[in-house]
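# Descriptive structure summary
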Protein chains: 2
Amino acid sequence: MYSSLNTNGNAAAFETGPVSGRFAAVYSEVQNSRIDHALPLPSVLRNPFKVVEGPPSSAAGNPDEIAKLFPNLFGQPSAMLVPNEADSLRSDLKLKIGVVLSGGQAPGGHNVISGIFDYLQDRAKGSILYGFRGGPAGIMKCKYIELNADYIYPYRNQGGFDMICSGRDKIETPEQFKQAEETAVKLDLDGLVVIGGDDSNTNACLLAENFRGKNLKTRVIGCPKTIDGDLKCKEVPTSFGFDTACKIYAEMIGNVMIDARSTGKYYHFVRLMGRAASHITLECALQTHPNITIIGEEVAAKKQTLKNVTDYMVDVICKRAELGYNYGVILIPEGLIDFIPEVQQLIAELNEILAHDVVDEDGIWKKKLTNQSLKLFEFLPQAIQEQLMLERDPHGNVQVAKIETEKMLIQMVETELEKRKQEGSYEGHFKGQSHFFGYEGRCGLPTNFDASYCYALGYGAAALLHSGKTGLISSVGNLGAPVEEWTVGGTALTSLMDVERRHGKFKPVIKKAMVELEGAPFKKFASMREDWALKNCYISPGPIQFVGPSSNAVSHTLLLELGAEA
Amino acid sequence: MYSSLNTNGNAAAFETGPVSGRFAAVYSEVQNSRIDHALPLPSVLRNPFKVVEGPPSSAAGNPDEIAKLFPNLFGQPSAMLVPNEADSLRSDLKLKIGVVLSGGQAPGGHNVISGIFDYLQDRAKGSILYGFRGGPAGIMKCKYIELNADYIYPYRNQGGFDMICSGRDKIETPEQFKQAEETAVKLDLDGLVVIGGDDSNTNACLLAENFRGKNLKTRVIGCPKTIDGDLKCKEVPTSFGFDTACKIYAEMIGNVMIDARSTGKYYHFVRLMGRAASHITLECALQTHPNITIIGEEVAAKKQTLKNVTDYMVDVICKRAELGYNYGVILIPEGLIDFIPEVQQLIAELNEILAHDVVDEDGIWKKKLTNQSLKLFEFLPQAIQEQLMLERDPHGNVQVAKIETEKMLIQMVETELEKRKQEGSYEGHFKGQSHFFGYEGRCGLPTNFDASYCYALGYGAAALLHSGKTGLISSVGNLGAPVEEWTVGGTALTSLMDVERRHGKFKPVIKKAMVELEGAPFKKFASMREDWALKNCYISPGPIQFVGPSSNAVSHTLLLELGAEA
């Protein structure tokens, strides 16, 4: 049983600050039991393998521009690890590898690092693994720690990113690339693994291109991380952390559903993390069957207004009241209002007006709003109006992220129901309860799926570096099958890219994978939501189990996208 | 595997409305696996037993008044089930028993009902169990359902109260007692089990007294239910639901802690359900080791002001900043401001002023406040001031329950830190994130502890009724030992009672069990909190497990109160 780390050795190398390490940590029984949880590896990684290449790749869009931006990398093939009679890579190579965590936390990050470390121990004994501290800034400032077995041990299968911490800096300017080069040279790095989301993997590819352009030996491999689930493609079926985060949220939603049904008097409005894409909300809906679920991508595709969304909710609430149900559960994606064009328009106008005009108490300033925006503004609850007027970021802009959409919708629904009551078309009673599930899900203990998936991603990333690959994203596939049948390889990061025009220049971007309205997960949801709205089909997934029932379950989104019935 | 209930039989007896039953339910894998979880019974309940009595009882306070209020019940001894060579109760008695759920949800309620049902099946075959629907109102209106094996089956070990639903009505007036009598007579009830908190058990005792006074045969037994943990005494070591709810909250708190440590830039202010007593907050603190924990009972005992509480938080935050930690986790009990005398005073004054005076924009009305209240009012953040002025309940009173204490404290801490920054005594950076964990914990799948505890409570309650007892609360003890060694009996409800003077009359009350500042749980917390404040001793309990590590753990509060080391 692991109960505390000694305070000498690497722990002492830490400065005080955000990285406190776990050297003083006492673990719960479940945390303890997870440390020694044996991780299965795909069979290809357990036996001798060789790396084979696919055909040349292109880009997700604008291949000509991508080719210009990545002259050294564009077109490179994907790599796949396949069984071989003998190991094809030299086990006497002593590699120096760096690893960095970039962006927000996602359950499983520590296991990617363990996977890299164990690969090096298993297949390139004597190699060194450096952990860059505090995200990409750690690369630029050459802040790192040498990771060894004792240091890594207590983080195995644990949530959080606190082994080396993360950060949101980007390596962007020529000076910053220069700093990264200096670190690569100083540490004599053979390779670097960048664990991050779409932006961080774009950055990883730029680093790979830059290092190759400068004839540095340092190769770069990315790993797909984000609870939001919006970094994925054919070869990368899911990003890690999505599985755990959704299961944590679904546990809470399921509990709230049973509460709603038992109490019979509350509508629970649950806002779920995931600003850009609504994958989390969709997955949680598939797991729990709420009465109402709003998917941002559908709202945008149908060009719905806030009034449309409110009316949809109110219609369901009225129908339920007729059936005798004055309760329910409603899921809302964090980024909902970003999907509503009229809201974006209003905010743009407000930013303009607030920057240049006096806001008088009599509201004459409102005449500067377009008709549509004025109508929307007046439709908003007073508290939201005030929030839009008063709370500005340091640039004077309205802080959209601070709007508590779930509370706003409760007020709008209340107002509309009141109206219908007076018209005689609603006779129920309505009480809203608001919830936001976000931070709870980013650092939970990774599920068995995420724990194994991350371990394979890390183990595979090290194999790709060992074989001299660069500019690839670690790709573990066939995820619907048992772990031993999973495939392992790497996909050209340039093949995921398109360009965006920013400040008159083309910038490479990995486009976020949004919820596809023609995709299997959304279609399954759409085919069932009417039933869920009026019948009470709630499912309570319960707490994540590490052994026994459902402990090896995979997300519905993943299964449906793989063509299975979830 | 259970996947759906058929829609005929008892389900069809339901009207549409809050009680939808689970006849259309589809279960998650974990829910399914729990249904058939075999529940251990204390050995005394598995073998022949007899009921023995203790010495005559008294009251928690004012025994003379309690004796007057309960002339038929006062002084009755506790009962204890002890092993016997043969069963002492007639197994050919066919009993008619009613059961009712009263008040807010708590995990395990369904198992109390299963326990009663199984006792009757095992030891009084041919008995009938009626479930009163929607709480005590179901008794008064004689709304019930006859519970059978098929009906109960899908609710075994499941969270929620939706088998028969609950309600907050009380049986108080002579007319209401009359209605209860009529139901008892109509259904020919031998007994009634009331599952509820302090108020509901007081009510149960009044019913028992009333039935006996009227020479009705109907006996009444109470069961201790409340996630708040504030219904307990020597014989009733804990109320059911507390264990599960605290573990659900602690899972979330642990996740947020790892997030805080990984990100290094947020202070998470977590408000926890529990308005009257701070047991939940204390238990969660013992499970997770937050940097700051506010216990309402201590605030009250030390007559602390809101400024004191804020200063305590700010002092810790400043010291942590000096150590390089600009993050942390803070637990706050839901009822905090109810414990602060000056806040109560301010609210009383505001209610008076708002009822009688015009609130002018220039603030002349404020002169009506006492000095102390004015000072406090102006110390409050503007949003809270507005909330106090604007949001009133139907009686015109300030709605204290609606104040989001965690957000208020974030604002007050921000203001104070800004001041210290200007004075040069703070150089850190502070960002608060607010959370409220409440509804998520009331209807979770009961832990193994709560599942077994509730089953024993119900099984024991039925045994007490079978042996002709009334006016007792089902009491299961020795809870630190394995289930088979648990003791089973009943405690005179009158012995838990004191009186309160209301409207010139003595009213019997079971006093809420508050956090004892001299009790073992608080003392343990107090002895460690300084360490927790500055070092990062976070523990992440992880999700509740039903098999394997920690699946049979008991709450720290219970263990410490039993004299064990938690």
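All values reported here derive from a predicted model rather than from experimental measurement.

### Quick look at the sheet that holds strand β10 (residues 292-293) of chain B
Residues and elements named next belong to chain B.
- Ordered by their spatial adjacency, four strands build an open sheet running β10-β11-β9-β12, and the pairing between neighbours is parallel. Looking at which strands have only one partner, the edges of the open sheet turn out to be β10 and β12 (432-437).
- Both strand β9 (residues 267-272) and β12 contribute to a ladder of six bridges, which runs parallel. If you follow Phe269 over to β12, its bridge partner there is Ser434.

### Some details on unusual backbone geometry
- With a phi angle near 50°, A:His503 is a residue other than glycine that sits in the positive phi range.
- Locating A:His503 in the fold gives a position in the loop between β15 (497-502) and β16 (505-510).
- For A:His503, a relative accessible area of 84% corresponds to the exposed category.
- Positive phi values are uncommon outside glycine, yet B:His289 reaches one of about 60°.
- Relative accessible area serves as the criterion here: at 11%, B:His289 is assigned to the buried category.

### Notes on the relation of the copies chain B and chain A
- Mapping chain B onto chain A is achieved by rotating through 180° and translating by 0.0 Å along the same axis, at an RMSD of 0.0 Å. Such values leave the two copies arranged in the relation of a two-fold axis.
- Of the interface residues in chain B, 100% have counterparts in chain A that sit at the interface too, so the contact is made through matching surfaces.

### Quick look at the side chain of B:Ser102
All names here are of chain B.
- Along the polypeptide, Ser102 turns up in strand β3 (residues 96-102).
- Judged by its relative accessible area of 5%, Ser102 falls in the buried class.
- Those residues in contact with Ser102 that sit more than four places away from it in its chain are Pro136, Ser166, Gly167, Ile195, Gly196, Ser200 and Lys225.

### Some remarks on the UniProt feature "binding site: Mg(2+)" (unreviewed entry) in chain A
All names here are of chain A.
- Mapped onto the present numbering, the UniProt feature "binding site: Mg(2+)" (unreviewed entry) falls at Asp198.
- Mapped onto the secondary structure, Asp198 falls in helix α8 (residues 198-213).
- Those residues in contact with Asp198 that sit more than four places away from it in its chain are Leu231, Ile510 and Lys512.

### Observations regarding the interface of chain B and chain A
- On the chain A side, the residues contacting the 64 residues of chain B number 64 residues.
- Counting the surface chain B buries against chain A, the share from its top three residues, B:Arg261, B:Tyr439 and B:Glu440, is 13%.
- On inspection of chain B and its partner chain A, the count reaches six salt bridges.
- Across the pair B:Lys407 and A:Glu404 runs a salt bridge, and its minimum N-O distance is 2.6 Å.

Calculation notes
Position labels on residues start from 1 in each chain and follow its written sequence. Labels are handed out in written order, letters beginning with A for the chains and numbers beginning with 1 for the ligands. Given that the model is predicted, a residue must reach a pLDDT of at least 70 before its local features are reported, and side-chain atom pairs must reach 80 or more before they are shown or counted; all residues, however, enter totals for whole chains, interfaces and linings. For the side-chain quantities, the full set of heavy atoms in the structure was used; hydrogens and water were omitted. Here, strands pair whenever DSSP counts at least two bridges between them. Counting from the N terminus, the helices are DSSP H or I runs at least four residues long and the strands are E runs at least two residues long. Burial classes follow relative accessibility: with a 1.4 Å probe on protein chains only, a residue under 20% of its type's maximum area counts as buried, one over 50% as exposed, and anything between as partly exposed. C-alpha atoms of residues with pLDDT of at least 70 in both copies form the basis for the least-squares superposition of the copies. The criterion used for residue contact is that any of the two residues' heavy atoms lie within 4.5 Å. UniProt positions are given in the numbering used here, feature names are shortened, and annotations may be inferred rather than shown by experiment. Here the quantity called buried area is the accessible surface, traced with a 1.4 Å probe, that two parts lose on coming together, added over both. Put simply, a salt bridge is a Lys or Arg side-chain nitrogen that is within 4 Å of an Asp or Glu carboxyl oxygen.

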